[in-house]
Amino acid sequence: MNDTKNSKPQKKTTYKVALLGIPHDANSSYVRGAAAAPPLIKEALYCETSNLFSESGLDLGRADIFFCAADVKLKNHPGDADYPEIEKTILDLTDRDCLPLCLGGDHAVTFPIVRAIGKKHAKIDVLQFDAHPDLYDCFQDNPFSHACPFARILESGKVNRLVQVGIRTLNEHQRKQAEKFGVEMIEMRHLEDKPVFTFDKPLYISFDLDALDPAFAPGVSHPEPGGLSVRRVLEIMRRISAPFVTGADIVEYNPQRDPTGITAVVAAKLIKEFVPLMLLEG
Ligand code: MN
Ligand code: MN
């Protein structure tokens, strides 16, 4: 008997997670620095202060489930000049049955990533962790600013639902944008103790490190107090239900604002917990 119709989602055994650095910060509005993040997060991941096991026991040292791809080579120009290269690299990975787990760079890179992934699916759902909605129509005369990517993504028509978690900087313009696009925004002040997120389309997860409280992740360009703890994020992640996680990113790590390096360690921890979620293991 092979009744797949009602069975629980199984690990996609042919899939691997590819860690992909996207060193691009030319669309940052306030300070740059996030382009230097990928090698430092990888260094924290492979540092001997910890090991490569997720809390559920999955070993990221297994080459059959996880590997580091070479960082995308970019000129780091402002605007969208580098986006074709980002999209091509994502499509090369998805064509090889790899699920991209991308390291920014600032949050602007999520637009070309999602545009590439959207080519593989009729519709996707997106879950965004962030202190900021990033829904500006245009910011500082730049429609590709890291304050705008989710407006661009929603204009594509590929997104079934955008759910935002951790928002605590909402202004009138972005409230109107959220209404216009039908964004399901869960402001930090309204976040339940044990929220459950259930999606029925392939899910993309975008994690801006400033969703976390600066006490846990100080190394970001726009620290916003009153945010999530690392533990709470992991608990939320455990309660995410989706048929398939098609990709993810961890963005906005700014090493220039992280003198102890702890924010890179937090990003590495998130990688270790994103991989089992993406492979539907644990
Ligand atoms: Mn953001
Ligand atoms: Mn943010």
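Structure report, in brief.

Parameters and conventions
Residues numbered from 1 in each chain as written. Chains lettered and ligands numbered in written order. Predicted model: local features only at pLDDT ≥ 70, side-chain atom pairs only at ≥ 80, totals over all residues. Heavy atoms only, no water. Donors = N, O, S within 2.8 Å, 3.2 Å for Na, K, Ca; no water. Helix = DSSP H or I, 4+ residues; strand = E, 2+ residues; numbered from the N terminus. Buried < 20%, exposed > 50% of the residue type's maximum accessible area, 1.4 Å probe, protein only. Salt bridge = Lys/Arg side-chain N within 4 Å of Asp/Glu carboxyl O. Pairing = 2+ DSSP bridges. Axes fitted to C-alpha atoms, helices over the stretch in contact; angles between N-to-C directions. Contact = heavy atoms within 4.5 Å. Phe/Tyr/Trp six-rings, centres within 6.5 Å; stacked < 30°, edge-to-face > 60°.

## Topic: the coordination of the manganese ion (ligand 1)
Okay, step 1: Those protein atoms acting as donors to the manganese ion (ligand 1) are His107 (ND1), Asp130 (OD), Asp134 (OD) and Asp208 (OD), and they sit at 2.0 to 2.2 Å.
Okay, step 2: One chain supplies every donor to the manganese ion (ligand 1), and in sequence these donors are spaced H-x22-D-x3-D-x73-D.
Okay, step 3: Taken as a pair, the manganese ion (ligand 1) and the manganese ion (ligand 2) lie 3.2 Å from each other and share aspartate 130 as a ligand. In this pair, histidine 107 is assigned in the loop between strand 3 (98–104) and helix 3 (110–118) and aspartate 130 in the loop between strand 4 (124–129) and helix 4 (149–155), connecting sequence segments 23 residues apart. There is no split in this pair, since histidine 107 and aspartate 130 are both buried.

## Some points on the pattern of salt bridges
Okay, step 1: If you walk through the whole model with that rule in mind, you get 15 salt bridges.
Okay, step 2: Residue lysine 269 pairs with glutamate 55 through a salt bridge whose shortest N-O separation is 2.8 Å. Placement of lysine 269 in helix 7 (residues 262–278) and of glutamate 55 in the loop between helix 1 (37–46) and strand 2 (66–68) is noted, with a sequence separation of 214 residues between them.
Okay, step 3: Given a relative accessible area of 26%, lysine 269 falls into the partly exposed group.
Okay, step 4: The exposure class of glutamate 55 is partly exposed, given its relative accessible area of 43%.
Okay, step 5: The salt bridge involving aspartate 64 is made with arginine 62; its shortest N-O contact spans 2.9 Å.
Okay, step 6: Relative accessible area serves as the criterion here: at 42%, aspartate 64 is assigned to the partly exposed category.
Okay, step 7: Residues participating in the shared-partner salt-bridge network are Glu55, Arg231 and Lys269.

## Comments concerning the sheet that holds strand 1 (residues 16–22)
Okay, step 1: Read across the open sheet, the eight strands follow the order 2-1-3-10-8-4-5-6; overall the sheet is parallel. Taken across any chain shown, the strands that pair with only one partner, and hence form the sheet edges, are strand 2 and strand 6 (184–187). Each strand of the sheet is rotated relative to its neighbour by a mean of 15°, with strand direction disregarded.
Okay, step 2: Contacting strand 1, strand 2 and strand 3, helix 1 runs over the sheet at an angle of about 110° to strand 3.

## Some thoughts on the environment of proline 218
Okay, step 1: Residue position: proline 218 is located in the loop between strand 8 (203–208) and helix 6 (230–238).
Okay, step 2: Distance from proline 218 to alanine 264, taken between C-alpha atoms, is 9.9 Å for residues 46 residues apart in sequence.
Okay, step 3: Setting aside its immediate chain neighbours within four residues, proline 218 contacts Arg257, Asp258, Ile262 and Thr263.

## Examining the coordination of the manganese ion (ligand 2)
Okay, step 1: Bound to the manganese ion (ligand 2) are the protein donor atoms Asp130 (OD), His132 (ND1), Asp208 (OD), Asp210 (OD) and Asp210 (OD), situated 2.1 to 2.4 Å from the metal.
Okay, step 2: Read in sequence order, the donor residues for the manganese ion (ligand 2) give the motif D-x1-H-x75-D-x1-D.
Okay, step 3: Its relative accessible area of 0% is what places aspartate 130 among the buried residues.
Okay, step 4: The class for aspartate 208 is buried, based on a relative accessible area of 2%.

## Observations regarding the side chain of lysine 272
Okay, step 1: By the element assignment, lysine 272 lies in helix 7.
Okay, step 2: Among all residues touching lysine 272, those that are not within four sequence positions of it are Leu45, Ser50, Asn51, Leu52, Phe53, Ser54 and Leu60.

## Quick word on the packing of aromatic side chains
Okay, step 1: Throughout the structure, instances matching the rule amount to seven aromatic pairs.
Okay, step 2: With a centroid separation of 5.0 Å and an interplanar angle of 35°, the aromatic rings of phenylalanine 129 and phenylalanine 207 are classed as tilted. On the criterion of sequence distance, the pair formed by phenylalanine 129 in strand 4 and phenylalanine 207 in strand 8 is long-range, its members being 78 residues apart. Just as phenylalanine 129 is buried, phenylalanine 207 falls in that class too.
Okay, step 3: Three or more aromatic residues joined by ring pairs form one cluster here, namely Tyr83, Phe111 and Phe144.

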